[in-house]
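# Structural characterization, general
Listed below are the residues making up each chain.
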Amino acid sequence: PGLHCAPLAHKTIGTEKLGAVRFGIGSVTRGNLTPTVSAHTTIIPALDFVLCSSVEGTFEACSSAGNKITEGGVIGKVSEEEIKSPVDATILSIISSNESVPKNYPLATAKYTGFALNIEAENFLKILPENAALKAKFQVVDGVGPTEAIAVVVPVSENAESTLQCLIGKDIDVKPGQSATVVITAETRKDVLLLPLSVIAGRQGKGMVTVINDGKQIQTEVMLGATDGAYIEILSGVNEGDTISSI
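Residues numbered from 1 in each chain as written. Predicted model: local features only at pLDDT ≥ 70, side-chain atom pairs only at ≥ 80, totals over all residues. Heavy atoms only, no water.

Ranked by internal contacts, the top residues of the largest apolar core, which has 20 residues, are Leu 117, Phe 124, Phe 138, Cys 166, Val 182 and Ile 184. Examining the composition of this core, we find that four residues originate from one element, strand E18 (residues 179-186), more than from any other. Here Ile 184 is in contact with Pro 35, Thr 36, Val 37, Ile 119, Phe 124, Leu 134, Lys 135, Ala 136, Leu 164 and Cys 166, once residues within four sequence places are set aside. Core analysis: the next-biggest nonpolar cluster, separate from the first, contains 19 residues, Phe 49, Ile 91, Ala 116 and Val 152 among them. (Core = buried A, V, L, I, M, F, W, Y, C linked by side-chain atoms within 4.5 Å. Buried < 20%, exposed > 50% of the residue type's maximum accessible area, 1.4 Å probe, protein only. Helix = DSSP H or I, 4+ residues; strand = E, 2+ residues; numbered from the N terminus. Contact = heavy atoms within 4.5 Å.)

Right under this line is the structure:
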């Protein structure tokens with residue numbers, strides 16, 4: 001079976017007629033939403049990935065370039081906060097001890113000797129808290145899956161988009177070049193304003209919706225947050241209970 005994300009429930013109020021145009025209407029509701037990004041992509045040898053500081057402070061290295069580290073192994077600490085590798089890997093580079101670093105600063109680059117699936121995820125990462133916990137699953141076309149994977153961030157070169165890399169366990173029987181669907185999710189956001197994507201023009205940060213007020217259509221700008229592929233979080237611009245046209 002393929003991967004799928006079940007949409008949140010949405011209550012349709014009904015239909016109305018404005019002039020000669022009949023349109024569906026719904027309302028802004030509150031609910032829970034799990035930020036999700038998915039893509040069809042190809043299995044490749046894993047690219048190098050980065051390990052970043054989770055807090056601001058002074059970095060103390062516990063490893064050095066060329067060292068091999070096991071899953072969960074500590075490469076260093078920032079203000080007593082341990083920085084761990086999510087997989088068995090080789091440290092390619094690491095900054096010096098006693099360096100003062102900000103939160104989310106790249107501390108080390110590591111190499112995983114295995115296969116991976118990559119997703120361009122610039123917009124997905126923008127709406128998430130830094131160092132958000134991510135979960136990943138993939139389904140190979142006519143092959144294994146759904147199977148869990150480990151999501152890590154690939155180092156960003158200048159003018160390049162952020163890439164999420166899903167590292168595939170070495171015990172999983174896959175081959176380079178196989179096609180797969182990968183789905184990455186973040187922690188569920190609770191009690192947020194929601195609208196279906198189908199009623200919004202725009203997807204990245206801002207959008208427009210048609211609010212129905214006293215029989216009039218009012219074009220209204222909304223600020224957009226996370227999406228699960230069916231619904232999207234509304235940060236501002238409309239209120240709970242507002243009636244929205246689905247034209």
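Where strands meet in a sheet, backbone hydrogen bonds hold them as pairs that are either parallel or antiparallel. Reading across the sheet, the four strands line up as E10-E9-E7-E12 and stay open at both edges, with antiparallel pairing between neighbours. Strands with a single pairing partner mark the edges of an open sheet, and in this sheet they are strand E10 (81-84) and strand E12 (99-101). Each adjacent strand pair in this sheet contributes to an overall mean axis angle of 35 degrees, direction not counted. In this sheet, E10 lies alongside strand E9 (residues 74-78) in antiparallel orientation, the contact comprising four bridges. Bridge pairing in E10 links Gly 76 to Ile 83. (Pairing = 2+ DSSP bridges. Axes fitted to C-alpha atoms, helices over the stretch in contact; angles between N-to-C directions.)

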